[in-house]
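Residue-level structure breakdown
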Amino acid sequence: LVSGALSVVPDEKKRKELLAKLANAYHRSTAFAWAQIGLSLSTGLFAYTICRAYNIPGGGLLATWVAFWNIIPIFGTLIGSLPIIILAGAQSVKDAAIILTLVILYEVVESYLRHRYLGTHTMRLDSIVSIVVFFAGLEMYGLGGALTGLLIVSFLHAFAAEYSDINIVKTKRKSKKVATT
């Protein structure tokens, strides 16, 4: 499909350059997707551990719920953990306060690690873009639409970054040539 679409480009050099940009964008966006899946799995395990430690019923289902909400950066884990906190509060307010503190600490550590380490190896999709795409996709097509929307936007973001990276390099080269002449 891609090679058929690229066959429309008459210049062989531009075709190869476009193919390289598409391949780089694909690799960056899939690395981003796998990183998100890994973060969601770790968040789900964290939520499941809390449910088991505090004897909250339905730990597996609640952990899955929290893992899906983790896709939303900054506050997704907290929103997803609200059912766990409410169920813990029905047993003990002290337990609910401890779980709330643990969830906030987890979210802070995860946000730090996400931006510090994963952002340098994959790509960084702005939080507001993730939130808008997630909720728009969720509203239009359900959970599948939200996840597919995030995949599409991450690819488009990576593809746009490929063009901006090339333009930055070309601009730096031109400015060096002008400075030397």
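Throughout, a residue's number is its position along its own chain's written sequence, starting from 1. Note on the predicted model: pLDDT of at least 70 is required for a residue's local features to be given, and 80 or more for side-chain atom pairs to be given and counted; whole-chain, interface and lining totals, by contrast, use all residues. Note: side-chain values were computed over all heavy atoms of the structure, leaving out hydrogens and water.

Positive phi values are uncommon outside glycine, yet Asn55 reaches one of about 55°. Where helices and strands are cited, they refer to DSSP runs of H or I of at least four residues and of E of at least two residues respectively, numbered from the N terminus. Mapping Asn55 onto the fold places it in the loop between helix H2 (12–53) and helix H3 (59–69).

Before going further, it helps to examine the nonpolar core. Across soluble globular proteins, nonpolar side chains have a tendency to be buried as a group. Among the nonpolar cores identified, the biggest contains 15 residues, and Ile50, Ile56, Ile84 and Ile99 are the most heavily contacted of them. At the level of secondary structure, the elements contributing two or more residues to this core comprise H2, H3, helix H4 (76–91) and helix H5 (93–121). Ignoring any residue separated from it by four or fewer positions in sequence, one finds Ile56 in contact with Cys51, Leu62, Ile84, Leu87, Ala88 and Ile99. By convention a nonpolar core is built from buried Ala, Val, Leu, Ile, Met, Phe, Trp, Tyr and Cys residues, the set being connected through side-chain atoms within 4.5 Å. Only protein chains enter the calculation, and the probe is 1.4 Å; a residue is then buried if its accessible area is under 20% of its type maximum, exposed if over 50%, and partly exposed in between. Note on contacts: a residue pair qualifies if any of its non-hydrogen atoms lie within 4.5 Å across the two residues.

Rolled over the atoms, a probe as big as a water molecule pinpoints where empty space is left. The definitions used throughout rest on a 1 Å grid laid over the protein atoms alone, on which a cavity is an enclosed set of points accommodating a 1.4 Å probe that cannot get out and a pocket is an open set flanked by protein within 12 Å on both sides along at least five of seven lines; lining residues are those having an atom within 4 Å of a point. Grid points are joined across faces, edges and corners, and a volume is the space filled by probe spheres set on the points. Scanning all chains against the criterion turns up two cavities of 30 Å³ or more. Size it by volume and the largest cavity reaches roughly 160 Å³. As for the largest cavity, its lining consists of 15 residues, and the residues nearest its centre are Phe32, Gln36, Arg114, Met123 and Leu125. Broken down by secondary-structure element, the contributors of at least two residues to the lining of the largest cavity are H2, H5 and helix H6 (127–180). Among the elements that make up the lining of the largest cavity, the one with the highest residue count is H5 (four residues). A class-by-class count of the residues in the lining of the largest cavity yields seven nonpolar, six polar and two charged. In this classification, the charged set is Asp, Glu, Lys and Arg, the nonpolar set is Ala, Val, Leu, Ile, Met, Phe, Trp, Tyr, Cys and Pro, and all remaining amino acids, among them Gly, are polar.

Below, the discussion takes up H2. For H2, built from 42 residues, the straight-helix expectation of 62 Å at 1.5 Å per residue is met to within 8% by its first-to-last C-alpha distance of 61 Å. Just past H2, the residue Asn55 takes up positive phi, approximately 55°. To estimate how far a helix should reach, multiply one less than its number of residues by 1.5 Å.

Its boundaries defined by the atoms lining it, the largest pocket holds a volume of some 450 Å³. Contributions of two or more residues to the lining of the largest pocket are made by H2, H3 and H6. Counting residues per element, the lining of the largest pocket draws most heavily on H2, at nine residues. Of the residues contributing to the lining of the largest pocket, the split by class is 14 nonpolar, six polar and no charged.

Attention now goes to the packing of aromatic side chains. Pairing of aromatic side chains here covers Phe, Tyr and the six-membered ring of Trp, requires ring centres within 6.5 Å, and sorts the geometry by plane angle: under 30 degrees stacked, over 60 edge-to-face, intermediate tilted. A complete count under the given rule lists seven aromatic pairs for this structure. Between Phe159 and Tyr163, the aromatic rings sit 5.3 Å apart at their centres with planes inclined by 90°, giving edge-to-face as the arrangement. Residue Phe159 and its partner Tyr163 are located together in helix H6, separated by four residues, close to a single helical turn. Aromatic rings pair up to connect Trp65, Trp69, Phe134 and Phe135 into one cluster.

Inspection of the secondary structure puts Leu150 in helix H6. Residue class for Leu150 comes out buried when judged on its relative accessible area of 11%. Distance in space between the C-alpha atoms of Leu150 and Phe134 is 6.5 Å, their sequence separation being 16 residues. With residues near it in sequence (within four places) discarded, Leu150 still touches Ile71, Ser130, Val133 and Phe134.

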